[in-house]
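Single-letter residue listing:
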Amino acid sequence: MSKNAIPETKLSELFDAALQASKMSYSPYSKFPVGAAILTADGRVFTGCNVENRSYGLTNCAERTAVFNAVVEGAQRFIAVAIAAPKADYPVGPCGACRQVLTEFADGDVPVIFGTNFDNLKKATLGELYPYDSLHELAD
């Protein structure tokens, strides 16, 4: 797990923030609200929700919205991620694009929790969700 283990209570708070963010989703086409919350290295939490567009390729996922919110406020190191998709039938992890964006700001050992509610959660690391992240080599 993460070098700086995140207490379960903090992860629960983060998932609750993601659930709350999902209520702000603009998803008139899919009817599939998603919320995300990111815990930064300095202890701040940033949230995001999915924002759809009738030109579907212009839709933005909740995870990327949270990342962009964090970056605009100067946060660039993430230590935990939570994703809530309350209308899903099962826990839905981040899409490939979101996994790629998250790896820009978070190490592979960062915990990612995702689910529909507190009774239906999965927990993994970013590295487990996005193995063989060779693009980190470009930053060196």
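Shown above is the structure to which this text applies.
Residues numbered from 1 in each chain as written. Predicted model: local features only at pLDDT ≥ 70, side-chain atom pairs only at ≥ 80, totals over all residues. Heavy atoms only, no water.

Student: Looking at this structure, how should I read the nonpolar core?
Tutor: The tendency in soluble globular proteins is for nonpolar side chains to be buried side by side. Among the nonpolar cores identified, the biggest contains 23 residues, and Ile38, Val67, Phe78, Val81, Ile83, Leu102 and Val112 are the most heavily contacted of them. Contributing elements (two or more residues each) for this core: strand 1 (35-40), helix 2 (62-72), strand 3 (78-84), helix 3 (96-105), strand 4 (111-115) and helix 4 (126-129). Grouped together as the second largest cluster of nonpolar side chains are 12 residues, Ala37, Leu39, Ala80 and Ala84 included. (Core = buried A, V, L, I, M, F, W, Y, C linked by side-chain atoms within 4.5 Å. Buried < 20%, exposed > 50% of the residue type's maximum accessible area, 1.4 Å probe, protein only. Helix = DSSP H or I, 4+ residues; strand = E, 2+ residues; numbered from the N terminus.)

Student: Hey, could you run me through the side chain of arginine 64 in this one?
Tutor: Here arginine 64 is to be found in helix 2. Buried arginine 64, no salt bridge; nearest opposite-charge side chain is glutamate 63, N-O distance 6.3 Å. Leaving out residues up to four positions away in the same chain, arginine 64 has contacts with Thr59, Ala97, Cys98 and Val101. (Lys, Arg positive; Asp, Glu negative; His and termini not counted. Salt bridge = Lys/Arg side-chain N within 4 Å of Asp/Glu carboxyl O. Contact = heavy atoms within 4.5 Å.)

Student: Help me understand the packing of aromatic side chains, please; the structure alone is not making it clear to me.
Tutor: The geometry of an aromatic ring pair is captured by two quantities: the separation of the ring centres and the angle between the planes. Evaluation of the coordinates by the stated rule reveals 2 aromatic pairs. Centre to centre, the rings of phenylalanine 15 and phenylalanine 118 are 5.1 Å apart; their planes meet at 80°, and the pair counts as edge-to-face. Of this pair, phenylalanine 15 sits in helix 1 (residues 8-22) while phenylalanine 118 sits in the loop between strand 4 and strand 5 (121-125), and the two are 103 residues apart along the sequence. The partly exposed category is assigned to phenylalanine 118, whose relative accessible area is 42%. (Phe/Tyr/Trp six-rings, centres within 6.5 Å; stacked < 30°, edge-to-face > 60°.)

Student: Mind showing me how you'd approach the packing of helix 2 against helix 3 here?
Tutor: Axis angle and axis distance: for two packed helices, these are the angle between their axes and the distance between the axes, and together they describe the pair. Where helix 2 meets helix 3, the axes come as close as 9 Å, and the angle between the chain directions of the two elements is 25°. By the angle class used here, helix 2 and helix 3 are roughly parallel. The two elements helix 2 and helix 3 cross, and the hand of that crossing is left-handed. On helix 3, the residues that touch Glu63, Arg64, Val67, Phe68 and Val71 of helix 2 are Ala97, Cys98, Val101, Leu102 and Phe105. Here the residues of the contact of helix 2 with helix 3 sort into 8 nonpolar, no polar and 2 charged. (Axes fitted to C-alpha atoms, helices over the stretch in contact; angles between N-to-C directions. Parallel < 35°, antiparallel > 145°, perpendicular 65-115°, else oblique. Left-handed = near helix turned anticlockwise from the far one by under 90°. Nonpolar A, V, L, I, M, F, W, Y, C, P; charged D, E, K, R; others polar.)

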